[in-house]
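The lines below spell out each chain.
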Amino acid sequence: MQCHVIACDFDGTGASQGALSPEVAAALHAARARGIATMLVTGRVLEDLRLALVDFSAFDAVVAENGAVVWFPGDDQLLQLAPSPPAAFLGRLRERDIPFHVGAVVVGTWEGHATDALALIREAGLDLQLAFNRGAVMLLPSGVNKATGVERALAELRLSARDMVAFGDAENDLPLFALAEVAVAAR
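Residues numbered from 1 in each chain as written. Predicted model: local features only at pLDDT ≥ 70, side-chain atom pairs only at ≥ 80, totals over all residues. Heavy atoms only, no water.

This part takes up the side chain of Thr38. Mapped onto the fold, Thr38 is located in strand β4 (residues 37-41). Of the polar contacts made by the side chain of Thr38, one reaches the backbone oxygen of Ala58; its length is 2.6 Å. Residues within four places of Thr38 in sequence aside, it is in contact with Ile6, Leu28, Ala31, Arg32, Ala58, Phe59, Asp60 and Ala61. (Helix = DSSP H or I, 4+ residues; strand = E, 2+ residues; numbered from the N terminus. Polar contact = N/O pair within 3.5 Å; in protein donor to acceptor, adjacent residues only side chain to side chain. Contact = heavy atoms within 4.5 Å.)

Most often, soluble globular proteins keep nonpolar side chains buried together rather than apart. In this structure, Leu46, Leu49, Phe56, Val62 and Leu140 are the most contacted members of the largest nonpolar core, which totals 28 residues. For this core, the secondary-structure elements that each account for two or more residues are α1 (22-33), α2 (46-51), β5 (61-64), β6 (69-72) and β11 (136-141). The element contributing the most residues to this core is α1, with three residues. Membership of the second largest hydrophobic core comes to 19 residues, among which are Met39, Val41, Val150 and Ala161. (Core = buried A, V, L, I, M, F, W, Y, C linked by side-chain atoms within 4.5 Å. Buried < 20%, exposed > 50% of the residue type's maximum accessible area, 1.4 Å probe, protein only.)

Below, the discussion takes up unusual backbone geometry. You will see that Asp76, though not glycine, has its phi angle at about 55°, which is positive. Structurally, Asp76 can be placed in the loop between β6 and β7 (77-80). We note that Arg158 has phi near 60°; this positive angle belongs to a residue other than glycine. In this fold, Arg158 is placed in the loop between α5 (146-157) and β12 (164-168).

For the rest of this paragraph, the subject is the sheet that holds β7. What the seven strands build is an open sheet, ordered β7-β6-β5-β4-β1-β12-β13; its pairing is mixed. Unpaired on one side and paired on the other, β7 and β13 (182-185) mark the two borders of the sheet. Going across the sheet, the axis of each strand differs from the next one's by a mean of 15°, ignoring polarity. (Pairing = 2+ DSSP bridges. Axes fitted to C-alpha atoms, helices over the stretch in contact; angles between N-to-C directions.)

Put into C-alpha cells, the structure is as follows:
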C-alpha cells in the first residue's frame, strides 16, 4: 500500500501533555515533504489547540471537535459542519451543575455526568449523541464523528480515504478507523 493521507489523533497518540511530540512532528513534516497529506484529528476544541500553541505547520487540515469543525491552516479556511449547541441547553447544564466545556459545536463533560447529560438531551428533545473518549464524554449532533469530519477534509483536499493511515487511541477513533484503509491503535 502506498500512503497518501495520514490522519493522526492528538492526545495519547501524537501528543502528550498537550504538546505534539517532536518525533511525531518531524515524521509529519517529512511526510508532507514527500507529498503525503496530513491531518490532525481530535476531539479537542480548535481554540484550545491554538491556545496550547500547537505547531499546525505539520498539518494540511485539522479536524477538531470530534469531526464537527474542519480547519485548513494554509489558507485559514474554517468549516463548521454542524450547528452550535442551543444556549438554552447550555443554561440547563449550568442549572444542573454539570461541568462542561463548549466549542463551536461540541459540548464536553466527564463520563460521570453522562447519565445526567443524556437526561437533559431527552428533556430538551435534542438530536444529540454521546461520544466517549476515555474518561471524557462529548455531546454532538447525531451523525457527527471523526470520520465525517475527515471525509469533508478529504473532499476539500480532493483526496480519498483510500490509502489513508489513521492513528488513534480511544473509543471516539473507531469511526475514523472504519474509514481508513489502515488503522493503528496507539497505546
